[in-house]
Amino acid sequence: DTAVSQTPKYLVTQMGNDKSIKCEQNLGHDTMYWYKQDSKKFLKIMFSYNNKELIINETVPNRFSPKSPDKAHLNLHINSLELGDSAVYFCASSQDSSGGSTDTQYFGPGTRLTVL
Amino acid sequence: AQKITQTQPGMFVQEKEAVTLDCTYDTSDPSYGLFWYKQPSSGEMIFLIYQGSYDQQNATEGRYSLNFQKARKSANLVISASQLGDSAMYFCAMRDFLSNTGNQFYFGTGTSLTVIP
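Let me begin by describing the structure that accompanies this report. (Residues numbered from 1 in each chain as written. Chains lettered and ligands numbered in written order. Predicted model: local features only at pLDDT ≥ 70, side-chain atom pairs only at ≥ 80, totals over all residues. Heavy atoms only, no water.)

### Brief notes about the nonpolar core
The tendency in soluble globular proteins is for nonpolar side chains to be buried side by side.
Okay, step 1: Core analysis: the biggest nonpolar cluster contains 26 residues, and Leu 21, Tyr 25, Trp 36, Ile 49, Leu 77, Tyr 90 and Leu 113 of chain B have the highest contact counts within it.
Okay, step 2: Secondary structure elements with two or more residues in this core: β2 (10–14), β3 (19–21), β5 (32–39), β6 (46–52), β8 (64–69), β9 (74–79), β10 (88–96) and β12 (111–116) of chain B.
Okay, step 3: Of all the elements, β10 of chain B adds the most residues to this core, at four residues.
Okay, step 4: If near-sequence neighbours (up to four positions away) are discounted, Ile 49 of chain B is found in contact with Leu 34, Phe 35, Trp 36, Ala 59, Thr 60, Glu 61, Tyr 64, Ser 65, Leu 66 and Leu 77 of chain B.
Okay, step 5: Within the second largest apolar cluster, 20 residues are counted, among which are Leu 11, Cys 23, Val 60 and Cys 91 of chain A. (Core = buried A, V, L, I, M, F, W, Y, C linked by side-chain atoms within 4.5 Å. Buried < 20%, exposed > 50% of the residue type's maximum accessible area, 1.4 Å probe, protein only. Helix = DSSP H or I, 4+ residues; strand = E, 2+ residues; numbered from the N terminus. Contact = heavy atoms within 4.5 Å.)

### Things to note about the state of the cysteines
Residues and elements named next belong to chain B.
Okay, step 1: All told, the structure shown has two disulfides over all chains when counted by the stated rule.
Okay, step 2: The partner cysteine of Cys 23 in its disulfide is Cys 92, sulfur to sulfur 2.0 Å. Around the S-S axis, the bridge from Cys 23 to Cys 92 shows a dihedral of about -65° and counts as left-handed. Here Cys 23, found in the loop between β3 and β4 (24–25), pairs with Cys 92, found in strand β10; they are 69 residues apart in sequence, far enough to count as distant. In this structure, Cys 23 and Cys 92 share a single accessibility class: buried. (Disulfide = S-S within 2.5 Å.)

All quantities given are derived from atomic positions and should not be read as evidence of function.
Structural data, given as structure tokens:
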């Protein structure tokens, strides 16, 4: 049983194209996240949704648009892809904070995006 | 300001030895959680261990333990009896439970651990 799943695992595309990455969690969590991990392994938060509402929206180009059709899904759509968008994108989820170990964040397997 | 600081970009350890990966954090929230994740070369992010700010004892999970020193704001990960499979990137993370960003996790820059046979 996969807790947080992402598709596709690999995405190779040309500059200027539009692409989407899908994420689903079956943990019953209220909050979902998108992170970008660059070549130096630095993890940067991009967006976070809580019960389908955007709660964290870091400074990312508006070419990136998250969509949450329900609290189990958070998709990431990227318009007009650029070379600098090449990275690994992680989806994650967590429960609303209650001050305990159940507040752990769980990650999907990542999507390696390569823009040519 | 950096919420999580990992000062060791790379570490080496001999197989079967213990190793400590450093992590310091910055928060004014009295209630918070500290997490360690492992990222092997295959890329997935694996949750290892959790420590709550009010926990009286250091967390342990198998060969992993967290050396929690609240006054120093440090949460070092100790891996005992290192194995070749422990070679990976390790990330320290924090979550403030009471702030209005209670759903946000702050990550360090990671430490790359290499276990030498």
